[in-house]
Each structure stands twice: as structure tokens, then as C-alpha cells.
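Per-entry structural report
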Amino acid sequence: QVQLVESGGGLVQPGGSLRLSCAASGSIFRVYAMGWYRQTPGKQRELVATITSGGSTNYAYSVKGRFTITRDNAKNTVYLQLNSLKPEDTAVYYCHVNTGAGYYWGQGTQVTVSS
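Residues numbered from 1 in each chain as written. Predicted model: local features only at pLDDT ≥ 70, side-chain atom pairs only at ≥ 80, totals over all residues. Heavy atoms only, no water.

1. A few points about the nonpolar core
Counting residues in hydrophobic clusters, the biggest one holds 28 residues, and the most contacted among them are Trp-36, Leu-80 and Tyr-93. Mapped by element, the contributors of at least two residues to this core are strand S1 (2–7), strand S3 (18–26), strand S4 (34–39), strand S5 (46–51), strand S7 (67–72), strand S8 (77–82), strand S9 (91–98) and strand S11 (109–113). (Core = buried A, V, L, I, M, F, W, Y, C linked by side-chain atoms within 4.5 Å. Buried < 20%, exposed > 50% of the residue type's maximum accessible area, 1.4 Å probe, protein only. Helix = DSSP H or I, 4+ residues; strand = E, 2+ residues; numbered from the N terminus.)

Right, here's the structure in full:
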């Protein structure tokens, strides 16, 4: 079994920053791609950013240049730095991990951007 523990969400004013973390633990032989998705009520979950085990990244157009995804392979942890936040970034953010043996989701962390 694999557990994903997310942290770092919260309330921030427009233009502010947050850093999300997601640590994977449990029966992990190897972690391949890691990523972040987000979801708002009534909408489908959407991709925010992904990063491969080699460090190649991919971003949604709406966050490119503002968000940065990184990972620490030794800690099986993925991070998402959110800068220049906008009200439309408000959502529950979920981390996603591919271990090769399965795909896993975090419990979600709320990010609210409001003045």
C-alpha cells in the first residue's frame, strides 16, 4: 500500500505564493511520474503540472510561468511552488503518483486565493 500526504494549502491574497508538498510512503519500489491536479466544484479534475523521474516537466497553459513543479527522488516527494496566484487558481489540489505498480492520489489540499 502507498500513502500520499499533502501539505501547504491555505488562504492567500491575489499575487501571493504558496508551496505544496506531497510525500509518498509505503510499499514503493520506484516512483515514476509525479504530478499535481486541481478540481473545483462541478468541474472535472484538471492537470496542473507533471514531472518525470528524470526531471522533465509539463504544465497546463494557465499556470505556465507562475507555477513550478520539482521533486526530491530520495524522499519520494513532489513540490508545487505557486506564485502570482489568481482567484481562478482557487481549487482543491491533488498530488498523483505512478509507482509502476499502481497510480495513487493524495487526499487533496485546499488553495483559496481571495482578498
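2. Regarding the packing of aromatic side chains
Under the defined criterion, the tally for this structure stands at one aromatic pair. Aromatic side chains Tyr-37 and Trp-105 sit 5.1 Å apart centroid to centroid with 70° between the ring planes, which places their arrangement in the edge-to-face category. Of the two residues, Tyr-37 is situated in strand S4 and Trp-105 in strand S10 (residues 103–105); the sequence distance between them amounts to 68 residues. By relative accessible area, Tyr-37 is classed as buried at 19%. The ring of Trp-105 carries Arg-45 above its face, with NZ or CZ at 4.6 Å from the centroid. (Phe/Tyr/Trp six-rings, centres within 6.5 Å; stacked < 30°, edge-to-face > 60°. Lys NZ or Arg CZ within 6 Å of the ring centre and 35° of its normal.)

3. Section: unusual backbone geometry
Positive phi outside glycine occurs at Asn-76, with the angle close to 50°. Phi is positive for Ser-84, close to 50°, though the residue is something other than glycine. Tracing the chain through its elements places Ser-84 in the loop between S8 and S9.

4. Concerning the pairing of S9
In terms of burial, S9 is largely enclosed, as seven of its eight residues are buried. Where S4 and S9 come together, six bridges link them in antiparallel fashion. Each residue of the ladder has a partner; that of Tyr-37, found in S9, is Tyr-94. Across three bridges, S9 lies against S11 in antiparallel orientation. By the bridge assignment, Tyr-93 is partnered in S11 with Thr-109. As paired strands, S9 and S10 are joined by three bridges and run antiparallel to one another. Bridged to Asn-98 within S10 is Tyr-103. Adjacent in sequence and paired antiparallel, S9 and S10 are bridged by four residues, among which Gly-100 carries a positive phi angle near 90°. (Pairing = 2+ DSSP bridges.)

5. Digging into the state of the cysteines
Two cysteines, two sulfur atoms, one covalent bond between them: this is a disulfide. Applying the stated criterion across every chain, the model contains one disulfide. Note that Cys-22 is cross-linked by a disulfide to Cys-95, the S-S spacing being 2.0 Å. Highlighted residues: Cys-22 in strand S3 and Cys-95 in strand S9, separated in sequence by 73 residues. (Disulfide = S-S within 2.5 Å.)

6. Here we look at the side chain of Asp-89
Mapped onto the elements, Asp-89 comes out in the loop between S8 and S9. Looking at Asp-89, the relative accessible area reads 1%, which means it is buried. At a separation of 2.8 Å, a polar atom in the side chain of Asp-89 contacts the main-chain amide nitrogen of Lys-86. For Asp-89, the residues in contact, after removing those within four places along its chain, are Arg-38, Arg-66, Phe-67, Ser-84, Val-111 and Val-113. (Polar contact = N/O pair within 3.5 Å; in protein donor to acceptor, adjacent residues only side chain to side chain. Contact = heavy atoms within 4.5 Å.)

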